[in-house]
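Commentary on secondary and tertiary structure
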Amino acid sequence: MIYQKISETSLKYIFIMEEYGCLAAKDKANLLKELSEKGIDTSKVKIVANERFREYGQVIELKIQYQYAFKQAKFRKRTLMPEYVEEDIAMCVSKKGVSKR
């Protein structure tokens, strides 16, 4: 569910980056605000994007990384009672496009 929310939001912003050639600081703030409105903890979000202007035809990239708390069941020897271990895994949504400016 979290991946889907991040993915659909990143799709909107890759189109913005294609149009303007980069991800401006204002757009980055709006991206974080939209993710927050969708219920995502933005303190666990890291955004890597082209912040400098790209010329027409140059590749632009947007990566949104999210530290997801994953619960994994582990079984002790000779018992059927699971022990749950929580560890953070990096969920990464990556989009690429071409500058159209």
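Below you will find a few notes about this structure.

Take the pairing of strand β2 (residues 59-75) next. Both strand β1 (residues 45-49) and β2 contribute to a ladder of 5 bridges, which runs antiparallel. From the neighbouring strand, V45 faces β2, where its bridge partner is Y66. Connecting β2 to the antiparallel partner strand β3 (residues 82-98) that follows it, the hairpin turn spans 6 residues, and R78 within it adopts a positive phi of roughly 60 degrees.

Attention now goes to a nonpolar patch on the surface. Nonpolar side chains collect at one region of the surface, where Y68, F70 and I89 lie side by side and expose about 230 Å² of accessible area between them. Inspection of the secondary structure puts Y68 in strand β2. Overall, the relative accessible area of 30% leaves Y68 in the partly exposed class.

What follows covers the nonpolar core. Formed by 17 residues in total, the largest nonpolar core has its most connected members in I47, L62 and I64. Sorting the residues of this core by element identifies α1 (2-20), α2 (25-37), β1, β2 and β3 as the ones contributing at least two each. With sequence-adjacent residues up to four places away left out, I47 is seen in contact with L23, K28, L31, L32, L62, K63 and I64.

So, about α2. For α2, with 13 residues, the first-to-last C-alpha span of 18 Å sits near the 18 Å given by 1.5 Å per residue. Three or more residues of α2 are buried, namely D27, L31, E34 and L35. Down the axis of α2, the buried side of the element spans an arc of 100 degrees, and every buried residue falls inside it. Exposed side chains of α2 directed beyond 90 degrees from the buried face belong to A25, K26, K33 and E37. In this fold, the buried residues of α2 make contact with α1, β1 and β2.

To continue, consider the pattern of salt bridges. As enumerated under the stated definition, the model contains 5 salt bridges in all. E18 is paired through a salt bridge with K100; the nearest N and O atoms lie 3.0 Å apart. One end of the pair, E18, is in helix α1; the other, K100, is in the segment after β3, and 82 residues separate them in sequence. Looking at E18, the relative accessible area reads 10%, which means it is buried.

Glancing now at the environment of M91. Take M91: it is sitting in strand β3. M91 sits in the buried class, given a relative accessible area of 17%. In this structure, the C-alpha to C-alpha distance between M91 and E34, residues 57 residues apart in sequence, is 18 Å. Apart from residues lying up to four places away in sequence, M91 is in contact with I2, Y3, I64, Q65, Y66 and Y68.

Analysis parameters
- Residues numbered from 1 in each chain as written.
- Predicted model: local features only at pLDDT ≥ 70, side-chain atom pairs only at ≥ 80, totals over all residues.
- Heavy atoms only, no water.
- Pairing = 2+ DSSP bridges.
- Helix = DSSP H or I, 4+ residues; strand = E, 2+ residues; numbered from the N terminus.
- Patch = residues over 30% accessible without salt bridge, like charges linked within 9 Å, V, L, I, M, F, W, Y side chains within 5 Å.
- Areas by Shrake-Rupley, 256 points an atom, 1.4 Å probe, with all protein chains shown as cover.
- Salt bridge = Lys/Arg side-chain N within 4 Å of Asp/Glu carboxyl O.
- Buried < 20%, exposed > 50% of the residue type's maximum accessible area, 1.4 Å probe, protein only.
- Core = buried A, V, L, I, M, F, W, Y, C linked by side-chain atoms within 4.5 Å.
- Contact = heavy atoms within 4.5 Å.
- Expected span 1.5 Å × (residues − 1).
- Arc of directions from axis to C-beta.

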